[in-house]
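Residues per chain are reported as follows:
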Amino acid sequence: MIGDHHQLPPVIKNMAFQKYSNMEQSLFTRLVRLGVPTVDLDGQGRARSSICDLYRWRYKHLGNLKHVESWKEYQLANAGFEYDFQLVDVQDFNGVGESEPSPYFYQNLAEAEYCVAVFMFMRLIGYPASKITILTTYNGQKHLIRDVINTRCANNPLIGKPHKVTTVDKYQGQQNDYILLSLVRTRAVGHLRDVRRLVVAMSRARLGLYIFARVALFRNCFELAPAFEQLTARPTKLHLFLNEVFPTQRRNDQKASLKPMVVKDMSHMANFVYTLYMGRVKQMKEYYEQMGHKWEKPGEVKVPEHEGFISSHPGEDRDTDSEDEEEAGKQLPVPMEEEPINDSIDDDNTVQ
Ligand SMILES: Nc1ncnc2c1ncn2[C@@H]1O[C@H](COP(=O)(O)OP(=O)(O)OP(=O)(O)O)[C@@H](O)[C@H]1O
């Protein structure tokens, strides 16, 4: 029960220990509260300096180790993205924002679809799946995102699944290069108001952090202001650079000469990804045929209605009469798995 007292405390499941022994208080917090002299972390070696600024304010004198300025991976930009981090505003989809199908089980379909569309975009331009993690602040949303992934792309060899889809709380202590984060709530800020959860959420990414949320709600939360002021200083619509592939040689500190594509909303992103995918498949097919190889379709990025609550692909054009589309219509839905993405720490290939 030792640990950074600016992050989340241990989870105590036993009510007696929780209520009467105050075991949720970590040993570190206990010592700090008792006035025991402590040495605070003053050099972080995980994140780009710009990303670290989102939580640096919670620590006394947190600087950067030299390598986060000097190593090439920190100097280069994130391919396809104008910014190294962005807060992306997500509006209601079909009139719905957050939903609560059972008590305290929060979901947000628009954010789930948006996160998955961005993951698919990253895969299509060459990002390895192992470098991308999708995080969310609620268990309900974790299940929804996994379900959307299973529906849209898990079985597609061109896309597959991200390294992990899990909750911020479960991911404490872990990291990945690129984090897509869904904040879910649209009516009340909920438990992100605990700044320790915000610090964990903001501090998991090394190189890229893209947050999907209802901006008007979170920007007004007093406790979160130092982070959201920085987040909202950048555009809240996703800015993408087309024609870039991973890894780019564009420098992160260099103002790009290209004009970005500004993504209007989730449907726009889903549509764009669908078109990008179809273009990639067409290119591959032509290449195979030119080389005299037998062409086999890699898979689909969409399947029919699934369990009655996930919409069909928002970028899907149902008016098409192409043969490929008809074949896709005959495909059986991907079966639901309770835990399709492995959560165990043992198989984690991130460096700690
Ligand atoms: N001296 C260093 N040289 C290179 N990389 C470093 C160095 N120190 C830390 N890092 C990088 O920073 C990451 C975070 O370090 P570490 O896991 O010790 O932090 P932590 O305090 O346990 O993080 P958290 O509790 O927030 O998950 C490491 O995985 C590593 O990539």
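Residues numbered from 1 in each chain as written. Predicted model: local features only at pLDDT ≥ 70, side-chain atom pairs only at ≥ 80, totals over all residues. Heavy atoms only, no water.

Some words on the packing of aromatic side chains
For clarity, the cut-off: Side-chain rings of Phe, Tyr and Trp (the six-membered ring for Trp) are treated as a pair once their centres are within 6.5 Å; stacked means planes under 30 degrees apart, edge-to-face means over 60, and tilted covers the remaining angles. Only DSSP runs of H or I covering at least 4 residues are called helices, and only runs of E covering at least 2 are called strands; the numbering of each starts at the N terminus.
Taken as a whole and judged by the stated rule, the model has 11 aromatic pairs. Where Tyr 127 meets Phe 246, the ring centres are 4.6 Å apart and the plane angle is 35°; that geometry is what we call tilted. Taken together, the residues Tyr 127 in the loop between α6 (109–124) and β6 (132–136) and Phe 246 in the loop between β10 (239–240) and β11 (261–262) connect sequence positions 119 residues apart. Aromatic side chains Phe 218 and Phe 228 sit 5.8 Å apart centroid to centroid with 15° between the ring planes, which places their arrangement in the stacked category. Residue Phe 218 is located in helix α10 (residues 215–218), and its partner Phe 228 is located in helix α11 (residues 225–232); the two are separated by 10 residues in the primary sequence. Here the aromatic cluster, defined as three or more aromatic residues joined through ring pairs, consists of Phe 81, Phe 121, Tyr 127, Tyr 178, Tyr 210, Phe 246 and Phe 272.

Details of the layout of surface pockets
Filter applied, for reference: Using protein atoms alone on a 1 Å grid, points that fit a 1.4 Å probe yet trap it form a cavity, whereas open point sets bounded by protein on both sides within 12 Å along at least five of seven lines form a pocket; residues with an atom within 4 Å of a point count as lining. Grid points are joined across faces, edges and corners, and a volume is the space filled by probe spheres set on the points.
The computed volume of the largest pocket comes to approximately 510 Å³. Around the largest pocket sit 19 residues that line it, and Leu 8, Val 11, Asp 169, His 191 and Arg 197 are the ones nearest its centre. Those elements giving two or more residues to the lining of the largest pocket turn out to be β5 (105–107), α7 (139–152) and α9 (195–202).

What about the pattern of salt bridges?
Here is the rule we go by: Basic side-chain nitrogens of Lys or Arg form a salt bridge, by our definition, when they fall within 4 Å of a carboxyl oxygen of Asp or Glu. Buried, partly exposed and exposed residues are distinguished by accessible area as a fraction of the type maximum, computed with a 1.4 Å probe on protein chains only: under 20%, between the cut-offs, and over 50%, respectively.
Applying the stated criterion across every chain yields a total of 15 salt bridges. Of the charged contacts, one joins Glu 98 and Arg 187 as a salt bridge, the two residues approaching to 3.5 Å between their closest N and O atoms. With a gap of 89 residues between them, Glu 98 in the loop between β3 (85–89) and β4 (99–102) and Arg 187 in the loop between β8 (176–182) and α9 connect regions that are remote in the sequence. What makes Arg 187 exposed here is its relative accessible area of 60%. Shared partners join several salt bridges into a network, and the residues in it are Glu 73, Lys 131, Asp 177 and Arg 206.

Some thoughts on the environment of Glu 113
By secondary structure assignment, the location of Glu 113 is in helix α6. In this structure Glu 113 comes out as buried when scored by relative accessible area, which is 3%. A C-alpha to C-alpha distance of 9.2 Å links Glu 113 and Met 269, two positions 156 residues apart in sequence.

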